[in-house]
Structures are given as structure tokens and as C-alpha cells.
Amino acid sequence: MSTKTYTPTEAEASAQRQWYVVDASGQTLGRLATLVAQYLRGKNKPTFATHMDMGDFVIVVNADKVVVTGKKTNNKMYYSHSGYLGSLKAVPFNEMMKKHPTFAVQAAVRGMLPRNRLGAQMLTKLKVYAGDKHPHQAQKPRTLTINPETQAFEAIG
């Protein structure tokens, strides 16, 4: 007697996609990124499959108000290299937040997704905005708030 393993189809995965809004003001960067990455991957759903994009759309607002702990405002660096000799550039977190306030959240979430085509596809469902306005009201996004006791999201609405 054998039982068959359930594998969702691509049509089932895309039919269940939701839109969520997360307010990043006052949130720790890494903890926010882990929870956002879980929703982008679809790990919050009982039909999660590692080989498929089961995730939801996540809108992060107030990305310019995200915080880091300790001395990371000066010590955390973002590196870029063009491929030419001597072209390594290092930008500290506080300067990156002044120039590109959404980049820190995008980079943190990207680091927590798979490093393949599937991870790139999941990253396209992440929308990050520096202010509290976003152009996705037509999708009727639900609000996600972080429960401070469990450090997990709770959906409202």
C-alpha cells in the first residue's frame, strides 16, 4: 500500500497568490528580510514545494526607516565590482540609506532567496518603496504586522 506524494501544479500556485503590505518603519533589517523572504518563497502555505514559485507578492513601504543593530550603521558595507582591476567599491550602510534607501531591503531579501532562476523569479514579486505610498492599491493588499512575541507576521484584513 503506497501513498502518493502531493505535488501542486503551476496553475494552483499562481491562483493562490496574495498581495501583502509590510511597514518597515522601526523594524530590524535582517528580521524583516527573513519574514519577507518566507512569504516570497511561499513557505507560509501548506502546499509549499521547494521546486516551484509558490510565493505571494510583498510590498515593503517605509524602507528608509529600517534600522540595524549595534555599530552596523557604519560597519556594514555594500560591495560592488565592475570586473576591472582596482574597481572594488565599498559603501557603508548609512551612505547607502541616503542615496538608495530601498537597496538595503532588496539586498537583504535577495540574500535569503535561492541563488538560481527560481530565486530571481521570486525577487520580481518584491516591491520596495522608501515612503508610505505605493501604486498597488488596485490589488487590495492585506497588511502584515510583526508580532513582537513570536517574531512572525500576522495578516490583517
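Located above this text is the structure these notes cover.
Please read all numbers here as calculations on a predicted model, not as lab measurements.

What counts and what doesn't
Residues numbered from 1 in each chain as written. Predicted model: local features only at pLDDT ≥ 70, side-chain atom pairs only at ≥ 80, totals over all residues. Heavy atoms only, no water. Pairing = 2+ DSSP bridges. Helix = DSSP H or I, 4+ residues; strand = E, 2+ residues; numbered from the N terminus. Phe/Tyr/Trp six-rings, centres within 6.5 Å; stacked < 30°, edge-to-face > 60°. Buried < 20%, exposed > 50% of the residue type's maximum accessible area, 1.4 Å probe, protein only. Expected span 1.5 Å × (residues − 1). Axes fitted to C-alpha atoms, helices over the stretch in contact; angles between N-to-C directions. Parallel < 35°, antiparallel > 145°, perpendicular 65-115°, else oblique. Left-handed = near helix turned anticlockwise from the far one by under 90°. Contact = heavy atoms within 4.5 Å. Nonpolar A, V, L, I, M, F, W, Y, C, P; charged D, E, K, R; others polar.

1. Notes on the pairing of strand β6 (residues 142–147)
Side-chain direction in a regular strand flips from residue to residue, so the side chains alternate between the two faces of the sheet. Summarising the sheet, strand β1 (residues 19–23) and β6 pair through three bridges and their orientation is parallel. Directly across from V21, in β6, lies its bridge partner T143. Pairing geometry for β6 and strand β7 (residues 152–156), over five bridges, is antiparallel. Its bridge partner being in β7, T145 is matched across the sheet by E154. The turn joining β6 and β7, which pair antiparallel and follow one another in sequence, is formed by four residues; a positive phi near 55 degrees is taken by Q151.

2. Observations regarding the packing of aromatic side chains
Counted under the stated rule, the structure contains four aromatic pairs. Centre to centre, the rings of W19 and F57 are 4.3 Å apart; their planes meet at 5 degrees, and the pair counts as stacked. Here W19, found in strand β1, pairs with F57, found in strand β2 (residues 57–61); they are 38 residues apart in sequence, far enough to count as distant. Since its relative accessible area comes to 15%, W19 is described here as buried.

3. Topic: helix α2 (residues 29–41)
Between its terminal C-alpha atoms α2 stretches 18 Å, which fits the 18 Å expected from 13 residues at 1.5 Å a residue. Backbone geometry just after α2 places G42 at a positive phi near 95 degrees.

4. A word on the sheet that holds β2
Across a sheet, strands are paired by hydrogen bonds formed along the backbone, either parallel or antiparallel in direction. The mixed open sheet is built from five strands, whose spatial order is β5-β2-β1-β6-β7. Because the sheet does not close on itself, it has two edges, and the strands there are β5 (126–128) and β7. Across the sheet, the mean angle from the axis of one strand to that of its neighbour is 30 degrees, orientation sign disregarded.

5. What about the packing of α2 against helix α5 (residues 103–110)?
For the pair α2 and α5, the least separation of the axes is 8 Å and the interaxial angle reads 60 degrees. It follows from the interaxial angle that α2 and α5 lie oblique. In this structure, α2 crosses over α5, and the sense of that crossing is right-handed. Touching L29, A33, V36, A37 and L40 of α2 are A104, V105, A108 and V109, all from α5. Of the residues that constitute the contact of α2 with α5, the class distribution is nine nonpolar, no polar and no charged.

6. Describing the environment of A104
Mapped onto the secondary structure, A104 falls in helix α5. Using a relative accessible area of 0% as the deciding quantity, one classes A104 as buried. A104 sits 74 residues away from G30 along the chain, and the two C-alpha atoms are 9.9 Å apart. Here A104 is in contact with L29, Y78, F93 and M97, once residues within four sequence places are set aside.

Any link to function would need more than the numbers given here.
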